[in-house]
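# Structural overview
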Amino acid sequence: MEILSAERVSKTYAGARGVVRALDEVDLTVARGRLFGFLGRNGAGKTTFIKIASTLLLPTSGSVRLFGEDVVRHPNRVRERIAIVPQEGRPFYHLTPLEHIREYLRVRGVAAETANARAEELVDAMGLRPYAAEPSYRLSGGLQQRTLVAMILATRAEFLFLDEPTIGMDPFARRQVWQVIRDAARAGSTVLLTTHYLDEAEQLTEELAVVESGRILYRGTPEALKSRVGREVRLQFEGGVTAAELAPFGPVFAERGKVIVATTRSRVAELTQLALARDATFNVGPVTLEEAFLALVGRSIEEEEASA
Ligand SMILES: Nc1ncnc2c1ncn2[C@@H]1O[C@H](COP(=O)(O)OP(=O)(O)O)[C@@H](O)[C@H]1O
Ligand SMILES: [Mg+2]
C-alpha cells in the first residue's frame, strides 16, 4: 500500500544565476512502513523534494499525495501526521536536549507524562544522556544535530522526513542514530531519508531512489543497484597506479586522490601484484553501493554533457 505518491513533480527556482530546474517531472511512490532512501549528489534536488512533500514548499507543477491527501490542497491534514528533520536545522539557543524533545512533543499535543517519558527514552537511545541538561548553544554541531533527530523521532509520527540526518556526526553517533531510525520503522513509521553517505544508504535503507539533476535515475533495492555493476570485487588504490592502467580490469572510478576499480575475483591476484610492485596503498573488498552510484550518476552526467 502506498503512503506517498508523487506525480510529475517539477520545481523551478528563479535565482541570481537564472532559472534552475531543481525537479523535473519526478514520479515517486513510497510504501507504508518502508525505510526509503533518497540519494543524490549535492544539488540533485533531494531537499527540494522533501520540502514539497512535507508541505514546506509549493511545486511549480505536479502533485504529491500523502496518506491519500493532496499536500498542497490540505497541508494541515498532512502536517499533524508527519515530522521533519530539516537540512541544516539548528536547535533553540538556550533549550537543553531534554527540553527540546519534551517541549516539541507538548506542542504537538502529547500529554506531559508521555512527553517526559519519551524524552528520557530518546536521550538514552541517542547517546545524549551526558548532555541532557546542557543548553544547546554549548553543544557541538554533531550533538545539536542529534538533538534535532531525537526530537523528530520522539514524535512517532506516521511519516518521518529526515534530510541528511547524520550530517556532521562521528561514526559512532551515526550508528546509534541508524539504530533509532530502524526502531522507528519497526514500530510502524514510514521513513524517507536523504543522504549522500552511500554506506548509510547501504546499511539502512530497504529501497532507494537515486536522483540527479532533478530526475530519478534509479528506483529499487540497494542490492539490485549493486548487481548492476556486474563485478563482485572492488580494489581501491591510493597512489602508484593510474586510472588508465586499471581500465582493462573493469569500470574505474577516480575520486579525491583514490582510484577504485570494480572487477572479477579472478583478476585480484594480478592487481595485487601490480599494487605491490608499485608500493601503492590498496584494499580489496566486495563491490559497494559507492561504485554502483558512481557508475549510474557518472553515466548520466556524461550523457548530459554529450547532449549539451
Ligand atoms: N531557494 C533556492 N533558490 C534558487 N535555487 C535553489 C534554491 N534551493 C535550491 N536551489 C537549487 O536547486 C537545486 C536542487 O537543490 P536541493 O534540492 O537543495 O538539492 P540537494 O538537497 O539534493 O543538495 C540546486 O541546483 C540548488 O542550487
Ligand atoms: Mg539537500
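Residues numbered from 1 in each chain as written. Chains lettered and ligands numbered in written order. Predicted model: local features only at pLDDT ≥ 70, side-chain atom pairs only at ≥ 80, totals over all residues.

## With respect to the environment of A201
Mapped onto the fold, A201 is located in helix α7 (residues 198–204). According to the C-beta neighbour criterion, A201 is buried, with 22 such atoms within 10 Å. Note: C-alpha distance between A201 and F36 (165 residues apart in sequence) is 8.9 Å. Among residues more than four places away in sequence, those in contact with A201 are G37, L39, T195, L208, P222 and L289. (Helix = DSSP H or I, 4+ residues; strand = E, 2+ residues; numbered from the N terminus. Buried ≥ 20, exposed ≤ 12 C-beta atoms within 10 Å, placed from the backbone. Contact = placed C-beta atoms within 7 Å.)

## Brief notes about the environment of G239
Structurally, G239 can be placed in the loop between β11 (233–238) and α9 (243–246). According to the C-beta neighbour criterion, G239 is partly exposed, with 14 such atoms within 10 Å. For G239 and K258, which are 19 residues apart along the polypeptide, the C-alpha to C-alpha distance reads 7.2 Å.

## Quick word on the pairing of strand β4 (residues 61–66)
Here strand β1 (residues 2–15) runs beside β4; their pairing, made up of 5 bridges, is antiparallel. Note that in β4 the partner of A6 across the bridge is V64. Pairing of β4 with strand β5 (residues 69–70), which is carried by 2 bridges, proceeds in the antiparallel orientation. Bridge pairing in β5 links L66 to E69. (Pairing = 2+ DSSP bridges.)

## Considerations on the site of ligand 1
Around ligand 1 lies a shell formed by Y13, G15, V20, A22, G40, N42, G43, A44, G45, K46, T47 and T48. For the shell around ligand 1, the elements supplying multiple residues, two or more each, are β1, β2 (18–31) and α1 (46–53). Ranked by residues supplied to the shell around ligand 1, first place goes to α1 with 3 residues. Within the shell around ligand 1, the residues separate by chemical class into 4 nonpolar, 7 polar and 1 charged. (Near = placed C-beta within 6 Å. Nonpolar A, V, L, I, M, F, W, Y, C, P; charged D, E, K, R; others polar.)

## As for the pairing of β1
Pairing analysis gives 10 bridges linking β1 to β2, with the strands arranged antiparallel. Within the sheet, the bridge partner assigned to A6 lies in β2 and is L28. Between β1 and β2, which pair antiparallel in sequence order, lie 2 residues.

## A closer look at the sheet that holds β5
Spatial strand order, β2-β1-β4-β5: 4 strands in an open sheet with antiparallel pairing. Whereas interior strands pair on both sides, the edge strands pair on one side only; in this sheet they are β2 and β5.

## What about the nonpolar core?
Counting 83 residues, the largest nonpolar core has A53, I101, A150 and F161 as the members making the most contacts within it. Counting residues per element, this core draws most heavily on helix α5 (residues 141–153), at 7 residues. Two domains each provide a minimum of three residues to this core, namely domain 1 (2–220) and domain 2 (227–307). If we ignore the near neighbours within four places in the chain, the residues touching F161 are I50, A53, S54, I82, I84, V85 and L192. (Core = buried A, V, L, I, M, F, W, Y, C linked by C-beta atoms within 7 Å. Domains from an automatic or database assignment.)

## Concerning helix α3 (residues 97–107)
Since the α-helix turns once every 3.6 residues, residues separated by three or four places project in the same direction. Those residues of α3 that fall on the buried side of the exposure criterion are P97, L98, H100, I101, R102, Y104 and L105. Considering only its buried residues, α3 is in contact with α4 (112–125) and α5.

## Considering the packing of α5 against helix α6 (residues 171–186)
Taken N-terminus to C-terminus, the directions of α5 and α6 make an angle of 5 degrees; their axes are 11 Å apart at the nearest point. As the angle between them shows, α5 and α6 are arranged roughly parallel. Of the residues in α6, those touching α5 at G142, R146, V149 and L153 are A173, V177, V180 and A184. Partitioning the contact of α5 with α6 into residue classes produces 6 nonpolar, 1 polar and 1 charged. (Axes fitted to C-alpha atoms, helices over the stretch in contact; angles between N-to-C directions. Parallel < 35°, antiparallel > 145°, perpendicular 65-115°, else oblique.)

## Re unusual backbone geometry
Of note, the phi angle at F67 is positive, near 55 degrees, even though the residue is not glycine. Summarising the element assignment, F67 is placed in the loop between β4 and β5. Using a count of 17 C-beta atoms within 10 Å as the deciding quantity, one classes F67 as partly exposed. Positive phi, close to 60 degrees, is recorded for D279, a residue that is not glycine. Structurally, the position occupied by D279 is in the loop between α10 (268–278) and β14 (281–286).

## Examining the domain arrangement of the chain
For the chain, the assigned domains are domain 1 (2–220) and domain 2 (227–307). Between the C-alpha centres of domain 1 and domain 2 there is a distance of 33 Å. Every contact between the two is made by 10 residues of domain 1 and, on the other side, 8 residues of domain 2. Listing elements by their share of the side of domain 1 that touches domain 2, those giving two or more residues are α7, β9 (207–212) and β10 (215–220). Here the side of domain 1 that touches domain 2 takes 3 residues from α7, the largest share from any one element.

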